[in-house]
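Examining the three-dimensional arrangement
Now for the letters of each chain:
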Amino acid sequence: MTKTAVKAPFRADHVGSLLRPERIHQARKDFQAGNITSDELYKIETEEIKRSVDKQIEVGLQAVTDGEIRRRFWHTDFMEHLNGVEGYVPESGFAFKGEETERYDVRVVGKVSFNPDHPHLKDFALFKEIVGDRAIAKQTIPSPNQFFNAGIRNLEIYPDIEEYANDIIQTYRDAIKAFYNAGCRYLQLDDVYIAGLNAPEIPFNDSGYSREELINLALRVANGVLEDKPEDLTVTTHLCRGNYRSKWAFEGSYAKIAPTLFAYEKVDGFFLEYDDDRSGDFQPLDYIPNDGPRVVLGVFTSKHGELENKENIIARIKEASQFVPLENLCISPQCGFASTHHGNILTEEEQWAKLKYIVDISKEIWG
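**Things to note about the overall build of the chain**
Counting its secondary structure elements, the chain contains 10 helices and 12 strands. Computed over the C-alpha atoms, the radius of gyration of the chain is 19 Å, within 12% of the 21 Å expected from 2.2 N^0.38 for a compact globule of 367 residues. Each of the three principal axes of the chain carries a C-alpha extent, and together these read 50 × 50 × 45 Å. Here the chain holds 367 residues, and the buried ones make up 58% of them. Sequence-distant contacts, at least 24 apart, represent 79% of the contacts inside the chain between residues at least 6 apart. A total accessible area of about 15,100 Å² is found for the chain, and carbon and sulfur atoms account for 48% of it. The chain carries 43 positive and 60 negative side-chain charges, and their two centres are separated by 3 Å.

Shown next as structure tokens:
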């Protein structure tokens, strides 16, 4: 696999989203009430992104994100600004453990293609300017495979799922090129859909395909998108089982996807949830090639603020190193701290303390 200039993912990394400060929540309310303009809201968001970047650097992270502070949801904000896609309010939200999510989703209303005026490009350029040369500016976007969740594909526009897949692949090739041209050298594709292919009952399937066919399709889409990736661009993928107000959507180990996706997906790194029993054991990591992607073990939880026992963490990393060499391992929280604007149930202070704790433990393990 091509080694990139950035050398990401890093020994201590993080998935991306950060808790929205109270100032952001208030500014959104003020905007909705007509008390401030969209420009004033954007200025407040920018100031809070600057603060969060400073804090990420202060705790010792080498790669920083904008915290997804401008977004309402980790995925829909990006998806609904592509050509042929719209956001809407469905009759119900997603079913999480003990809670229904806020009702919002996206659907295809025309042929899908990349929008060269996508607002996240402008957002990234400003974010990268804020970071400067102090750290690596990491951009997160939903995986192309998120478009295969039930209810998104329009069967009248795309009766053939393979034609749909081809358009999604081209859309993301264009997106990757646009972010690269904007200066992005570390891009992460966030994916709940692929993690869902491990669940006992696939939670998001309306394709008529079997699990095996869906896994093979997911690999073709992922690798199709990465086919002409620039050599100095690091692309990772994050597999998540749902993250909403400290709740989760489903469970299941990586065993069903590992022989295909772990073995053959051409990413530079996998961010994997391993914070509790829902994720299964480390055995599926055996399918990752020895000279292949780095594996970022999400052995810390973002769902609460309590710090994990250090000895237990070190023991788990040692266990994982039976399947992936220690030099190819990294550590992070299992997910972001606020995949939606609501955020998980912990304080900002606890969030920063956990990220610093991860950095400190990484230094103890890898030096």
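Moving on, there is more to tell.
**Some remarks on the sheet that holds strand β7 (residues 139-142)**
Strand order in the open sheet made by the six strands is β7-β8-β9-β10-β11-β12, with parallel pairing throughout. Looking along the sheet, the strands with just one partner apiece sit at the ends: β7 and β12 (329-333). Pairwise comparison of adjacent strand axes, ignoring direction, gives a mean angle of 25° for this sheet. Bridge count between strand β11 (residues 294-300) and β12: four bridges; the pairing is parallel. The residue bridging V295 from the neighbouring strand is L329, located in β12. This element, helix α10 (residues 348-366), spans β11 and β12 of the sheet and lies at about 165° to β12.

**Examining the pattern of salt bridges**
On inspection of all chains with the given rule, the structure shows 21 salt bridges. The residue D232 makes a salt bridge to R185 at a minimum N-O spacing of 3.4 Å. Taken as a pair, D232 in the loop between α7 (211-226) and β9 (234-239) and R185 in the loop between α5 (161-181) and β8 (186-191) lie far apart in primary sequence, 47 residues in all. The class for D232 is partly exposed, based on a relative accessible area of 28%. The class of R185 is partly exposed, set by a relative accessible area of 26%.

**As for the nonpolar core**
Formed by 96 residues in total, the largest nonpolar core has its most connected members in F147, F148, I257, F262, L272, L285 and L297. Considering every element that reaches this core, the biggest residue donor is α5, with 11 residues. Setting aside residues up to four positions removed in sequence, I257 forms contacts with I194, L197, N198, I215, L239 and F262. Residues F10, V15, Y186 and C330 belong to the second largest nonpolar core, which totals eight residues.

Rules and cut-offs
Residues numbered from 1 in each chain as written. Predicted model: local features only at pLDDT ≥ 70, side-chain atom pairs only at ≥ 80, totals over all residues. Heavy atoms only, no water. Helix = DSSP H or I, 4+ residues; strand = E, 2+ residues; numbered from the N terminus. Rg over C-alpha atoms; globule rule 2.2 N^0.38 Å. Buried < 20%, exposed > 50% of the residue type's maximum accessible area, 1.4 Å probe, protein only. Contact = heavy atoms within 4.5 Å. Areas by Shrake-Rupley, 256 points an atom, 1.4 Å probe, with all protein chains shown as cover. Lys, Arg positive; Asp, Glu negative; His and termini not counted. Charge placed at Lys NZ, Arg CZ, Asp CG, Glu CD. Pairing = 2+ DSSP bridges. Axes fitted to C-alpha atoms, helices over the stretch in contact; angles between N-to-C directions. Salt bridge = Lys/Arg side-chain N within 4 Å of Asp/Glu carboxyl O. Core = buried A, V, L, I, M, F, W, Y, C linked by side-chain atoms within 4.5 Å.

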